[in-house]
Amino acid sequence: MVGRHALPALLAIAVGSAMLAGTADTAAAESRGPLTLHTANGPYPPAPDTEPPTRPRHLMLFKRPFGPIVLKWGPSSDNFGVVAYDVYGIRHGRYRLIGHTSAHDRVFVDHHHVGCWTARYYLRARDAAGNVSHASNVVSYRPYWCE
């Protein structure tokens, strides 16, 4: 009968046979290091994620008169998956983190651009392990009446 108890039994057999094979020569078993199981999804436990996502592509800025600034971009990719995008913009004369979006929401709306100053933005992709991509392209906007 294949049921919810079949997989633990198979793992116990696999782990048990690996342990039995290692007990005959404990010095050889210790020199091999920790036990790694190979599953259909790769080795277990998995190797740590040290690879950053690719840089976000094609950052674009959209602005209607008297409306907010809207940023849109293409997706990044990562070996384990992108979880968020960090949006940076100029605030008080230098770039600062001004917001985040989830990996699926590749749109950011900035309602804080007022006055006669040039708004500049870029973003970075982030994965679950905290690896951060290189910066995207920079986009900017300056109101036409400030020229």
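Above this note sits the structure.
Report follows, based on the coordinates. (Residues numbered from 1 in each chain as written. Predicted model: local features only at pLDDT ≥ 70, side-chain atom pairs only at ≥ 80, totals over all residues. Heavy atoms only, no water.)

## Notes on the overall build of the chain
If you tally the helices and strands in the chain, you get two helices and nine strands. Its helices and strands in sequence order give the chain the pattern α-α-β-β-β-β-β-β-β-β-β, from N to C terminus. Burial analysis of the chain (147 residues in total) assigns 29% to the buried set. In the chain, the share of contacts with a sequence separation of at least 24, taken over all contacts with a separation of at least 6, comes to 54%. With the model as given, the accessible surface of the chain reaches about 10200 Å², and the carbon-plus-sulfur share is 60%. (Helix = DSSP H or I, 4+ residues; strand = E, 2+ residues; numbered from the N terminus. Buried < 20%, exposed > 50% of the residue type's maximum accessible area, 1.4 Å probe, protein only. Contact = heavy atoms within 4.5 Å. Areas by Shrake-Rupley, 256 points an atom, 1.4 Å probe, with all protein chains shown as cover.)

## Comments concerning the sheet that holds strand E8 (residues 119–127)
Strand order in the open sheet formed by four strands is E6-E5-E8-E9, and the pairing between neighbours is antiparallel. In the strand order of this sheet, the two ends are held by strand E6 (94–102) and strand E9 (139–141), each with one partner. Each strand of the sheet is rotated relative to its neighbour by a mean of 30°, with strand direction disregarded. With eight bridges joining them, strand E5 (residues 82–91) and E6 adopt antiparallel strand pairing. Opposite Tyr 85, over in E6, you have Thr 101 as the bridge partner. (Pairing = 2+ DSSP bridges. Axes fitted to C-alpha atoms, helices over the stretch in contact; angles between N-to-C directions.)

## As for the environment of Glu 51
Relative to the helices and strands, Glu 51 is located in the loop between strand E2 (42–44) and strand E3 (57–63). Separated by 80 residues in sequence, Glu 51 and Asn 131 place their C-alpha atoms 6.7 Å apart. For Glu 51, the contacting residues outside a window of four places in its chain are Asp 78, Asn 79, Asp 127 and Asn 131.

## Focus: the pattern of salt bridges
Summed over all chains, the structure comprises two salt bridges. Between Asp 86 and Arg 126 there is a salt bridge, and its shortest N-O distance comes to 2.7 Å. With Asp 86 in strand E5 and Arg 126 in strand E8, this pair connects stretches of sequence that are 40 residues apart. Judged by relative accessible area, Asp 86 falls into the buried class, the value being 6%. Here Arg 91 ties to Asp 110 by a salt bridge, and the two come within 2.9 Å at their closest N and O atoms. In this pair, Arg 91 sits in strand E5 while Asp 110 sits in strand E7 (residues 107–110), placing the two residues 19 residues apart along the sequence. (Salt bridge = Lys/Arg side-chain N within 4 Å of Asp/Glu carboxyl O.)

## Regarding the side chain of Asp 110
The exposure class assigned to Asp 110 is buried, which follows from its relative accessible area of 2%. Among the polar contacts listed, one links the side chain of Asp 110 to the side chain of Arg 91, at a separation of 2.9 Å. Here the side chain of Asp 110 touches Tyr 121 through a polar contact of 2.5 Å, side chain to side chain. Setting aside chain neighbours within four positions, we find Asp 110 in contact with Pro 68, Ile 69, Arg 91, Ile 98 and Tyr 121. (Polar contact = N/O pair within 3.5 Å; in protein donor to acceptor, adjacent residues only side chain to side chain.)

## Here's the deal with the packing of aromatic side chains
One pass over the full model with this rule turns up three aromatic pairs. Plain terms: the ring middles of Trp 73 and Tyr 85 are 5.4 Å apart, the flat faces sit at 65° to each other, and that makes the pair edge-to-face. Residue Trp 73 is located in strand E4 (residues 69–74), and its partner Tyr 85 is located in strand E5; the two are separated by 12 residues in the primary sequence. Both rings, one in Tyr 95 and one in Tyr 122, keep their centres 5.0 Å apart while their planes meet at 65°; by these two values the pair is edge-to-face. Here Tyr 95 is found in strand E6, whereas its partner Tyr 122 is found in strand E8, with 27 residues between them in sequence. Aromatic ring contacts, followed pair by pair, group Tyr 88, Tyr 95 and Tyr 122 into a single cluster. When the ring centre of Phe 62 is taken as reference, the NZ or CZ atom of Lys 72 above it lies at 5.4 Å. (Phe/Tyr/Trp six-rings, centres within 6.5 Å; stacked < 30°, edge-to-face > 60°. Lys NZ or Arg CZ within 6 Å of the ring centre and 35° of its normal.)

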